[in-house]
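Commentary on secondary and tertiary structure
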Amino acid sequence: MSSLNKILLSTVALILLTTHVFAVKPAYYYQIKIYHFKTAAQENTIDAYLKSAYLPALHRSGIKDVGVFKPILQDTSDRVIYVFIPLKKLIDLDKTQVSMSKDGAYVESGKPYLEAPYNDAPYTRIESILLKAFAAMPEYALPKLTTPKNERVYELRSYEASTEDLSLNKIGMFNDYEVDIFSKLNFNAVFYGQVISGSKMPNLMYLTTFNNKADRDSHWAAFGPEYKKISGLPQYQHNVSKNVTLFLYPADYSDI
């Protein structure tokens, strides 16, 4: 092979490698805030704060799509609201806190919540989970649904594993196969993420969305035969120790 041909081949290889490197999108990070509360009055205060103060402040800070979800069936002893916040970089979590502290409109709109007295708090506790998006879906997506928000079924799943290695094994299973199956069957996934900080680790979580319960059930019926093709593979055995499934619907002011 001539020197010129070698140079041309090397140049082509470099271009292909560079294109591949730049084609890989950096993974998003996600925060899921869970507000725990007991009374209808607390729920009203949280809703008013999220709708009129918190989400607008996040929008002004550059985070345009924030999800607010409630369980279809609430636990009367410990009621919850989930808030999903997508972050391009993990440092954005701190940046938003700083920007909101200087945001006069946020401070004013959020007064009933922010300045609540110690003996009339708007919640019992706030829980926070941080996740990193899977390589197979490094960025969140908005669901393409046709029904009103109050009819929708959003399915938040959590897969715990016995060890970190087994959890990574399950994430690999998603990256190699499962995300593709969900996409092919149009599960309208919002995100898939590895829990990097939370009370239940090792763990992964993902959110799929449907027009209604019948739509949800038909999608999962179609998923079964596809999943059986890979679920029996020896390299993917025992990689989930606990599966928690929550059925949610989006608040009327939710962006997602």
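Keep in mind that this is a model prediction, so the values were computed, not measured. (Residues numbered from 1 in each chain as written. Predicted model: local features only at pLDDT ≥ 70, side-chain atom pairs only at ≥ 80, totals over all residues. Heavy atoms only, no water.)

Here we look at the overall build of the protein chain
A tally of helices and strands in the protein chain yields 7 helices and 8 strands. Reported as C-alpha extents along the three principal axes, the dimensions of the protein chain are approximately 80 × 45 × 40 Å. Burial status across the protein chain gives 43% buried among its 256 residues. Across the protein chain, every contact between residues at least 6 apart in sequence was considered, and the portion connecting residues at least 24 apart equals 81%. Counting every atom, the protein chain has about 13900 Å² of accessible surface; 57% of that belongs to carbon and sulfur. (Helix = DSSP H or I, 4+ residues; strand = E, 2+ residues; numbered from the N terminus. Buried < 20%, exposed > 50% of the residue type's maximum accessible area, 1.4 Å probe, protein only. Contact = heavy atoms within 4.5 Å. Areas by Shrake-Rupley, 256 points an atom, 1.4 Å probe, with all protein chains shown as cover.)

Some details on the sheet that holds strand β5 (residues 153–160)
Ordered by their spatial adjacency, 8 strands build a closed barrel running β1-β3-β2-β8-β5-β7-β6-β4, and the pairing between neighbours is antiparallel. The mean angle between the axes of side-by-side strands here comes to 35°, regardless of whether they run parallel or antiparallel. Where strand β1 (residues 29–37) and strand β3 (residues 79–87) come together, 9 bridges link them in antiparallel fashion. Counterpart to Tyr30 in the pairing with β3 is Pro86. Packing against the sheet, helix α7 (residues 213–231) makes contact with β5, β7 (203–210) and β8 (242–250), and its axis sits at approximately 45° to β5. (Pairing = 2+ DSSP bridges. Axes fitted to C-alpha atoms, helices over the stretch in contact; angles between N-to-C directions.)

Brief notes about the environment of Ala133
Assignment of secondary structure puts Ala133 in strand β4 (residues 125–133). Counting along the chain gives 92 residues from Ala133 to Pro225, while the straight-line C-alpha distance between them is 26 Å. In this view, Ala133 contacts Ala27, Tyr28, Tyr30, Pro138, Tyr192 and Gly193; residues no more than four positions away in its chain are not counted.

Regarding a nonpolar patch on the surface
Where nonpolar side chains cluster on the molecular surface, the patch consists of Ile72, Leu73 and Phe247 and spans about 320 Å² of accessible area. Inspection of the secondary structure assignment puts Ile72 in the loop between β2 (67–71) and β3. Under the relative-accessibility criterion, Ile72 is labelled partly exposed at 43%. (Patch = residues over 30% accessible without salt bridge, like charges linked within 9 Å, V, L, I, M, F, W, Y side chains within 5 Å. Salt bridge = Lys/Arg side-chain N within 4 Å of Asp/Glu carboxyl O.)

Considerations on the side chain of Ser254
Tracing the sequence through the fold places Ser254 in the segment after β8. From its side chain, Ser254 meets the backbone nitrogen of Val68 in a polar contact 3.0 Å long. (Polar contact = N/O pair within 3.5 Å; in protein donor to acceptor, adjacent residues only side chain to side chain.)

What about the environment of Lys64?
Following the sequence through the fold, Lys64 ends up in the loop between α2 (40–60) and β2. Residue Lys64 is classed as exposed on the basis of its relative accessible area of 60%. Taking the C-alpha atoms as reference points, Lys64 and Tyr123, 59 residues apart in sequence, are found 25 Å from one another. Every residue in contact with Lys64, bar those within four places of it in the chain, is listed here: His59, Tyr140 and Asp255.

What to know about the pattern of salt bridges
Under the counting rule described, the total for this entry stands at 13 salt bridges. Glu139 is paired through a salt bridge with Lys25; the nearest N and O atoms lie 3.9 Å apart. Here Glu139, found in the loop between β4 and β5, pairs with Lys25, found in the loop between α1 (3–23) and β1; they are 114 residues apart in sequence, far enough to count as distant. Measuring nitrogen to oxygen at the nearest pair gives 2.9 Å for the salt bridge that ties Asp103 to Arg60. Linking Asp103 in the loop between α3 (92–101) and α4 (104–109) with Arg60 in helix α2, this pair joins segments that are 43 residues apart in sequence. Classification of Asp103 by relative accessible area gives buried; the value is 14%. Take Arg60: its relative accessible area is 48%, and that puts it in the partly exposed class. Members of the salt-bridge network, linked through shared partners, are Glu155, Arg157, Lys213, Arg216 and Asp217.

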